[in-house]
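# Structural description and commentary
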Amino acid sequence: MSKILLLRSIVIILVCFFIILISKNYSNHANLLPTFCATVIIIFSILDFVQNKKSFKFIKKNKINIKTLKPYLVILLSIVYVYLIVTLGFFVSTILYFIFTSIFLGVRNYKSIFITLIIIIPLMYGFFVIFLQTSLPKGFLI
Amino acid sequence: MYILEALSYFNNLFSISVLFCLFLGVLIGLVIGAIPGLSPPMAIALLIPVSFNFPPTEALIMMVSCYAAGMYGGSFSAILIRAPGTSASAASAIEGFELTKKGKAIQAIRISTFASVFGGLISGFVLLLLAPPLAEVALLFGPSEYFLMAILGLTAIASISFGHIFKGLIAGFFGIFLSTVGIDLYSGIPRFTFGSATLSSGIDIMPAIVGLFAFAQGLELSSSKAQETIGGNSKLSWNIWPKFDEIKRVKYSLLRGWGCGLVLGIIPAAGGSIAQWIAYAWEIQKGKTGDQFGKGEIKGLAATEASNNGCTGTSLIPMFTLGIPGGISAAVILGALVIHGLQPGLSLFKNNPEVVYTVIWGFLAANILMGFVAAFMARGMAHLTIMPKGLLAPLIIIFSIVGTYVNTNNIVDVWIMMSFGLLGYLMSKYNFSTGAALLGLILGPIAENGLRDLMVVSRGDLIFYTIQRPLSLLLIILTFIIVFYSARQFKWEKKNKNIINK
């Protein structure tokens, strides 16, 4: 029996119990739907665990390496990017984020990064700022 | 009588100002619809200040054109990069993107264009000829019908789980749970907000959909090799026009999709977001051995695309005839209608027939025009599929962030979108259907409000009240039929696993 599958089911069930516990404080039928959903999810999690426990043990464990961590590191870069767009400004942060992320993901053709930026940045400026007249986040740069 | 009156206003369409507004509406709708996070209601709202420069007829033509094209434009990004531009094109992302991965992006866009253009045209003709009598159908919908319609929609979860039925149901009910976040409208109690003012108004569909599909797709692509492309091959066909064989293969899928769209479009609050899933589930039920649903089945894409544009015209029926907007886009158009000094309702057809019938003709023309404009745009956009994943992934993430921010000018929505993105990525990784979660999020409020209204109007006797209403009975029967066929299909798939694998 895979520990991952068991752990996943336990986490889902614990979250559902937490929802049921909080829902108890809601009166006037406000607790009905969240409690119902949480209960149903608990039942289906148990059924899913029972259904998959046999097949799951044959699945090899994925080793943690840079490839499996890439999406999570991209999220971290994106969080930094969102902070930067309100401090540095949208366009400067976007250029920096695009260059760093592309290189981090393994793009070594710097010409293609440059060409993409040359096309995308003016297009974004023309569309969002000139045409839609939306206020993109501004920082101390642009 | 309606037909002759409607025909008499057809000539009004051929003026330079009308044609200009038509083209502008289509172009803006297609571009904004294709960007994840930017929705047709936003595009229509942006056109309101522009519309003051035109008479009411031209102004409204621009908006309905933008609405039709925006609905279709959302499918472009859904098919090409699995980042649906609108909530009504989320189901198209499933089969559409799988076709793109097989190098069949142009074929997918061909079918999408055909289904959308003709769906819009049929829907437009229904609007033109049957608007006043069909408006009465919308009035037949009460709390029990809304609740049962939501239940009917939820049955689609079973079909879109693709063999992971329990995971699909977990995802669906998780989506419904998420829809309960925010202040409860009946008791005024804040639910699961944890003191956050932003969460008090609930979770908006747009950040959720952009996160679950677009941002998650960016993360998914970032785990691949940087030089790989989505489409695999680097040659793109020029043939944008659909082939007879393709249409012949999907003819019944188109009919089912159009049917779903036409019917659900009339019902306020239903619309394309629900119609697409019901059409898709119906298509899977009707599937034959050899059909590859979930792996790039053209029939599934045809049904979803037919249904979302099939409802565009009929969703305007309650707005024009009763003053009840069928969805957010219709609500914005309704606002523009009032701003331009027109009074919605049946009196609109009596007092301003030249405006309303010319606008409907304009809507029909917009559907044809969008097919041609899209044909030219399609190939350019299809180049996204031959772009290295290392460049495409950050681009999708940037557009997800900027699209979400621009929609509300609120950075908190960006954080919500990114949270949904991580959730969507993890769900896809462990085979939990993101589509089911989205369906739950969309249908949750309809189901809860319907149920609680039903409890009030039925004075606690829900079953007796419900079975007295013919429309409710019809919905119950339909739900049972779908559950029966789903169970039968599930059993059959289990029994014939080897045949299916072959």
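See above for the structure.
Residues numbered from 1 in each chain as written. Chains lettered and ligands numbered in written order. Predicted model: local features only at pLDDT ≥ 70, side-chain atom pairs only at ≥ 80, totals over all residues. Heavy atoms only, no water.

## Details of the overall build of chain A
Within chain A one finds five helices and zero strands. Along chain A, from the amino end to the carboxyl end, the secondary structure elements read α-α-α-α-α. Structurally, chain A occupies a C-alpha span of about 55 × 50 × 25 Å along its principal axes. Within chain A, buried positions represent 41% of all 142 residues. Here the contacts in chain A between residues at least 6 apart in sequence split such that 64% fall between residues at least 24 apart. (Helix = DSSP H or I, 4+ residues; strand = E, 2+ residues; numbered from the N terminus. Buried < 20%, exposed > 50% of the residue type's maximum accessible area, 1.4 Å probe, protein only. Contact = heavy atoms within 4.5 Å.)

## Quick notes on the interface of chain A and chain B
In this complex, chain A contributes 60 residues to the contact, which on the side of chain B involves 58 residues. Both faces considered, chain A and chain B share a buried interface measuring about 5,000 Å² in area, 82% of it formed by carbon and sulfur atoms. Per-residue buried area on chain A facing chain B is highest for Leu33, Phe44 and Val82 of chain A; these three make up 10% of the total on that side. Between chain A and chain B we count zero salt bridges in total. Taken together, the connections running from chain A to chain B amount to two residue pairs in polar contact (both at pLDDT 80 or more). By residue class, the composition of the side of chain A that touches chain B is 39 nonpolar, 16 polar and five charged. (Buried area = accessible area lost by both parts, 1.4 Å probe. Salt bridge = Lys/Arg side-chain N within 4 Å of Asp/Glu carboxyl O. Polar contact = N/O pair within 3.5 Å; in protein donor to acceptor, adjacent residues only side chain to side chain. Nonpolar A, V, L, I, M, F, W, Y, C, P; charged D, E, K, R; others polar.)

## Side note on helix α9 (residues 165-179) of chain B
Over its 15 residues, α9 of chain B runs 21 Å from end to end, which matches the ideal 21 Å to within 8%, given 1.5 Å per residue. In terms of burial, α9 of chain B is largely enclosed, as 14 of its 15 residues are buried. (Expected span 1.5 Å × (residues − 1).)

## Things to note about the environment of Ala487 of chain B
All names here are of chain B. Tracing the backbone through its elements, the reader meets Ala487 in helix α24 (residues 470-495). What makes Ala487 partly exposed here is its relative accessible area of 43%. Considered as a pair, Ala487 and Met149 are 338 residues apart in the sequence and their alpha carbons are 20 Å apart.

## Description of the pattern of salt bridges
Pairing between side chains of opposite charge can happen when the charged atoms of each approach one another. For the structure shown, the criterion picks out 11 salt bridges over all chains. Between Asp48 of chain A and Arg8 of chain A there is a salt bridge, and its shortest N-O distance comes to 3.2 Å. Taken as a pair, Asp48 of chain A in helix α2 (residues 32-56) and Arg8 of chain A in helix α1 (residues 3-23) lie far apart in primary sequence, 40 residues in all. The partner of Asp184 of chain B in a salt bridge is Arg191 of chain B, and the shortest N-O contact between them spans 3.8 Å. Each of the two residues, Asp184 of chain B as well as Arg191 of chain B, counts as buried. In the salt-bridge network here, residues are joined through shared partners; they are Asp184, Arg191, Glu448 and Arg452 of chain B.

## Describing the environment of Phe464 of chain B
Residues and elements named next belong to chain B. Mapped onto the secondary structure, Phe464 falls in helix α23 (residues 462-467). For Phe464, a relative accessible area of 49% corresponds to the partly exposed category. When the C-alpha positions of Phe464 and Asn12 are compared, they lie 52 Å apart, and in sequence the two are 452 residues distant.

## A closer look at the packing of helix α3 (residues 66-87) of chain A against helix α21 (residues 411-429) of chain B
At a closest axis distance of 12 Å, the pairing of α3 of chain A and α21 of chain B adopts a crossing angle of 175 degrees. Here α21 of chain B runs roughly antiparallel to α3 of chain A, going by the angle between their axes. Residues Pro71, Tyr72, Ile75, Ser78, Ile79, Val82, Tyr83, Ile85 and Val86 of chain A of α3 of chain A form the contact with α21 of chain B, whose own contacting residues are Ile411, Val414, Trp415, Met418, Leu422, Tyr425, Leu426 and Lys429 of chain B. Per-class residue counts for the contact of α3 of chain A with α21 of chain B are 15 nonpolar, one polar and one charged. (Axes fitted to C-alpha atoms, helices over the stretch in contact; angles between N-to-C directions. Parallel < 35°, antiparallel > 145°, perpendicular 65-115°, else oblique.)

## Let's talk about a nonpolar patch on the surface
Residue and element names in this part refer to chain B. A cluster of nonpolar side chains, Ile463, Phe464, Ile467, Leu473, Ile477, Ile481, Phe484 and Tyr485, forms an exposed patch at the surface whose accessible area comes to about 790 Å². Elements with a contribution of two residues or more to the nonpolar patch: α23 and α24. Per-element tally for the nonpolar patch: the top contributor is α24, with five residues. (Patch = residues over 30% accessible without salt bridge, like charges linked within 9 Å, V, L, I, M, F, W, Y side chains within 5 Å. Areas by Shrake-Rupley, 256 points an atom, 1.4 Å probe, with all protein chains shown as cover.)

## Side note on the side chain of Gln217 of chain B
Relative to the helices and strands, Gln217 of chain B resides in helix α11 (residues 205-222). Apart from residues lying up to four places away in sequence, Gln217 of chain B is in contact with Ile81, Arg82, Phe97 and Ile396 of chain B.

## Overview of the nonpolar core
If you look at the biggest cluster of nonpolar residues, it comprises 208 residues, and the most contacted ones within it are Leu316 and Phe320 of chain B. Setting aside its immediate chain neighbours within four residues, Phe320 of chain B contacts Leu127, Leu337, Pro344, Gly345, Leu346, Leu348, Phe349, Val356, Val359 and Ile360 of chain B. (Core = buried A, V, L, I, M, F, W, Y, C linked by side-chain atoms within 4.5 Å.)

The values are spatial; any link to function lies outside them.
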